[in-house]
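# Observations on the model geometry
Residue strings, one per chain:
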Amino acid sequence: MAGIPGAIKDNISTKGLKTTCASHMLENFIPIYDAHVIENLRKDDTIFLGKTNMDEFAMGSTTETSYMQVTHNPWNLDRVPGGSSGGSAAAIAAGETIWALGSDTGGSIRQPASFNGCVGIKPTYGRVSRYGCVAFASSLDQIGPITRDVTDAALVLNTICGLDAHDSTSLPAQVPDFTKALHQDVKGLRIGIPKEYYGDGIDAKVKEQIHLAVEKYRELGAEIVDIFLPHTEYAVITYYIIAPAEASANLARFDGVRYGYRNKQATSAPEMTTASRTEGFGAEVRRRIMLGTYVLSSGYYDAYYNKAMQIRTLIRNDFTEAFKKCDVLLTPTSPVVAYPVDGKMDPLTIYMLDVTTIPVNMAGLPGISIPCGFADGMPVGMQLIGKVLDEETILRAAYTFEQATEFHKQVAPLGGK
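All of the points below concern the structure found in this document. Just so it is clear, the structure is predicted and the values come from calculations on it, not from any experiment. (Residues numbered from 1 in each chain as written. Predicted model: local features only at pLDDT ≥ 70, side-chain atom pairs only at ≥ 80, totals over all residues. Heavy atoms only, no water.)

### Some thoughts on the sheet that holds strand β7 (residues 223-227)
In spatial order, the strands read β2-β1-β3-β5-β4-β9-β10-β8-β6-β7; together these 10 strands make up an open sheet with mixed pairing. What marks the edges here is a single partner per strand, and that holds for β2 (47-52) and β7. Each neighbouring strand pair of the sheet contributes to a mean axis angle of 30 degrees, computed without reference to strand direction. Of the pairings in the sheet, the one linking strand β4 (residues 119-122) to strand β9 (residues 367-375) comprises three bridges and is antiparallel in character. Each bridged residue has a counterpart across the sheet, and for Gly120 the counterpart in β9 is Ser369. (Pairing = 2+ DSSP bridges. Helix = DSSP H or I, 4+ residues; strand = E, 2+ residues; numbered from the N terminus. Axes fitted to C-alpha atoms, helices over the stretch in contact; angles between N-to-C directions.)

So, in structure tokens, the structure goes:
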């Protein structure tokens, strides 16, 4: 990694350099410490080009909720780059950087990677320290790389993984050399196809590209297995109880007292806190805080949050059973390609588009998105899901497909149609 330039999502703490989370609340915040991943990258003598735009506090799927500006998709400037790590993925697609870091709470690395024709990997929960990553939902967040190809993703992953005493969820697992998993061989690999991920909500052209990818794996010697994940239909609604609840607790610290934006006109502490949070947070962040506060409130905790945690266990058990029959799961990364930048799509519709990525975070599994074709002139991403701490198998499967198809070599026309 020495001398190789990269970019950092703006919710990852960088000492002496603004870390704003694309929010008015932290517009001028300069951390006094580095995130663990930044410490590791500095030890490898990497070069940081700067910070990348994102949805405010990582809450969004389009990078349109950023307080700073809207990011556009290099493949078509009328389309969104996805989110919340849309700035990192767009920077890769535009050729502005070699590698970038993002964070993934419900698909925020994989979905923008899909929309921009990049490779994006969410490691196993705990494989990469969350220390220094501004928390959205602590039990779901995970830092990971977005790159042009699978080899670069493995190289960055080698550097950022590892045990961290500052993070109680950091796993004491040995970090292998992920590049050694990159060889073109999937003969005998059992690839599971969960039928629940191929329902009516998947765009027909996206489904066609995924079907062609499955056939390519069959041609390369992999065994295709039908899999059932019966609780998938509850994943999105469960996520949008758990994630806002954790966000409500995590963002309580931004009260205008200690750091961040403060309203100067208030005449009392309660008025100052209310005005600071109202003015400092954007609409999407306020929406999720209110939802999270509601589900955690007296009388609703058991009915909503506690029940959601029980369903989360069922979703995790679905994957455990599935992996008894296969080694890797193959799904679309997103049911659609990048859609127009206009802010007109309602939040509920956007939430439902995370149906293929959210379950991976709920179960704490590793997942990777790689380009597998095009629909309407826009990239289509294929998601490979692996067992806990088995990034090597999904990297191997991704690398084999990449080398057999070379979709990753097609470059964004920087706004061309």
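### Focus on the packing of helix α8 (residues 283-296) against helix α9 (residues 301-322)
Closest axis-to-axis distance for the α8/α9 pair is 7 Å, and the angle between their directions is 105 degrees. By the angle class used here, α8 and α9 are roughly perpendicular. Contact residues: Tyr294, Val295 and Leu296 in α8; Tyr301, Tyr304 and Tyr305 in α9. A breakdown of the residues in the contact of α8 with α9 according to their chemical character gives six nonpolar, no polar and no charged. (Parallel < 35°, antiparallel > 145°, perpendicular 65-115°, else oblique. Contact = heavy atoms within 4.5 Å. Nonpolar A, V, L, I, M, F, W, Y, C, P; charged D, E, K, R; others polar.)

### A short note on empty space enclosed by the protein
Considering all chains together, one arrives at three cavities of 30 Å³ or more under this definition. One number sums up the size of the largest cavity: a volume of about 90 Å³. Gly60, Ser61, Ser108, Tyr239 and Asp354 are the residues nearest the centre of the largest cavity, which is lined by 13 residues in total. Here the lining of the largest cavity is composed, by residue class, of four nonpolar, seven polar and two charged. Quantified by volume, the second largest cavity comes out at close to 40 Å³. Lining the second largest cavity, in full, are Thr62, Glu64, Tyr339, Pro340, Asp342, Gly343, Lys344, Met345 and Ile350. (1 Å grid on protein atoms, 1.4 Å probe; cavity = no way out; pocket = protein on both sides within 12 Å on 5 of 7 lines; lining within 4 Å. Points joined across faces, edges and corners; volume = space filled by probe spheres on them.)

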